[in-house]
Amino acid sequence: MDSKRLIIIEDDAVFARTLARSFERRGYRVAAIHGPAELDETIAALRPDHAVVDLRLGHASGLTCVERLHAADPAMRIVVLTGFASIATAVEAVKLGATNYLSKPANSDDIEAAFQATTEGDASVELVSSTTSLRTLEMEHIHQTLADCGFNVSEAARRLGMHRRTLARKLGKRHL
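Residues numbered from 1 in each chain as written. Predicted model: local features only at pLDDT ≥ 70, side-chain atom pairs only at ≥ 80, totals over all residues. Heavy atoms only, no water.

(A) Structural context of the overall build of the protein. A count of helical and extended segments in the protein gives eight helices and seven strands. Classification of the 176 residues of the protein by burial places 39% in the buried group. The long-range fraction of contacts in the protein, counting pairs at least 24 apart against all pairs at least 6 apart in sequence, stands at 62%. Carbon and sulfur atoms make up 52% of the accessible area of the protein, which totals about 10,200 Å². (Helix = DSSP H or I, 4+ residues; strand = E, 2+ residues; numbered from the N terminus. Buried < 20%, exposed > 50% of the residue type's maximum accessible area, 1.4 Å probe, protein only. Contact = heavy atoms within 4.5 Å. Areas by Shrake-Rupley, 256 points an atom, 1.4 Å probe, with all protein chains shown as cover.)

Here it is in structure tokens:
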């Protein structure tokens, strides 16, 4: 029986190595790459049926990887990981073929549960009313603008009416 095949696309080498070892212990054949440049070659060699994709890969967007992975195998289970979660990027990831979207920090248990999760919606999920913080609204607006600009930070800053460095600084902060 062929083991599950997993591709990890993550620019943080330490995190990628840790995830790879964890999934190898779970019986996966794993290939870890650092960006979209290595993607086509790795898909051809590994023929993955699972993928973990970081949303921000240095200056590249993980969404392009999601799109290419889904085109290579529409049945592939793709989980997007991000430290910069927003509704806009979650929606785009799912539209492009991701089966799940997780905020960092996420461990291999969380990711494997996301692989196992059904792709069917759950209409019985509890509707919770919560007030969204101003910081969250701001970051969602920023991420929506970034998505609209193809993740071009300079263009997004222009559309948002702020200096590029100010936007880069806001994006660099970890919002918990």
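(B) Molecular detail of helix 3 (residues 62–72). Of all the positions in helix 3, only Gly 62, Leu 63, Cys 65, Val 66 and Leu 69 are classed as buried. Along the axis of helix 3, the buried positions cluster into a sector of 155°, meaning they face one direction only. The distance from a side-chain oxygen at the start of helix 3 to the backbone nitrogen of Leu 63 is 3.0 Å, and the residue carrying that oxygen is Ser 61. (Arc of directions from axis to C-beta. Polar contact = N/O pair within 3.5 Å; in protein donor to acceptor, adjacent residues only side chain to side chain.)

(C) Local environment of the packing of helix 1 (residues 13–25) against helix 5 (residues 108–116). Here helix 1 crosses helix 5 at 60°, and the two axes come no closer than 10 Å. With respect to helix 5, the element helix 1 is oriented oblique. Our pair here, helix 1 against helix 5, has a crossing hand that is right-handed. Of the residues in helix 5, those touching helix 1 at Leu 19, Ser 22 and Phe 23 are Ser 108, Ile 111, Glu 112 and Phe 115. (Axes fitted to C-alpha atoms, helices over the stretch in contact; angles between N-to-C directions. Parallel < 35°, antiparallel > 145°, perpendicular 65-115°, else oblique. Left-handed = near helix turned anticlockwise from the far one by under 90°.)

(D) The arrangement of the packing of aromatic side chains in detail. Tallied over the entire structure, the rule returns three aromatic pairs. These aromatic residues form a ring-pair network of at least three members: Phe 23, Tyr 28 and Phe 115. Over the aromatic face of Phe 23 sits the side chain of Arg 26, whose NZ or CZ is 5.8 Å from the ring centroid. (Phe/Tyr/Trp six-rings, centres within 6.5 Å; stacked < 30°, edge-to-face > 60°. Lys NZ or Arg CZ within 6 Å of the ring centre and 35° of its normal.)

(E) View of the pairing of strand 2 (residues 28–33). Strand direction decides the pairing type here: strand 1 (residues 4–9) and strand 2, joined by six bridges, are parallel. Bridge pairing in strand 2 places Ile 7 opposite Ala 31. With helix 1 bridging strand 1 and the parallel strand 2, this β-α-β connection has right-handed handedness. (Pairing = 2+ DSSP bridges. Right-handed = clockwise from strand over helix to strand, strands pointing away.)

(F) Focus on the pattern of salt bridges. Taken as a whole and judged by the stated rule, the model has 10 salt bridges. Note that Asp 109 is salt-bridged to Arg 26, the shortest N-O span being 2.4 Å. In this pair, Asp 109 is assigned in helix 5 and Arg 26 in the loop between helix 1 and strand 2, connecting sequence segments 83 residues apart. Accessibility expressed as a relative area gives 48% for Asp 109, which makes it partly exposed. A salt bridge links Lys 104 to Asp 54; its shortest N-O distance comes to 3.4 Å. (Salt bridge = Lys/Arg side-chain N within 4 Å of Asp/Glu carboxyl O.)

(G) Spotlight on the nonpolar core. The biggest cluster of nonpolar side chains holds 21 residues, and the ones touching the most others in it are Ile 7, Ile 9, Leu 39, Val 53, Leu 69 and Ile 78. When contributions to this core are tallied by element, the ones reaching two or more residues are strand 1, strand 2, helix 2 (39–46), strand 3 (50–54), helix 3 and strand 6 (77–82). Here this core gets four residues from one element, more than from any other, and that element is helix 3. If sequence neighbours within four positions are ignored, Val 53 has contacts with Ile 9, Gly 62, Cys 65, Val 66, Leu 69, Ile 78, Val 79, Val 80 and Leu 81. Counting residues in hydrophobic clusters, the runner-up holds 15 residues, among them Ile 8, Ala 20, Leu 102 and Ala 114. (Core = buried A, V, L, I, M, F, W, Y, C linked by side-chain atoms within 4.5 Å.)

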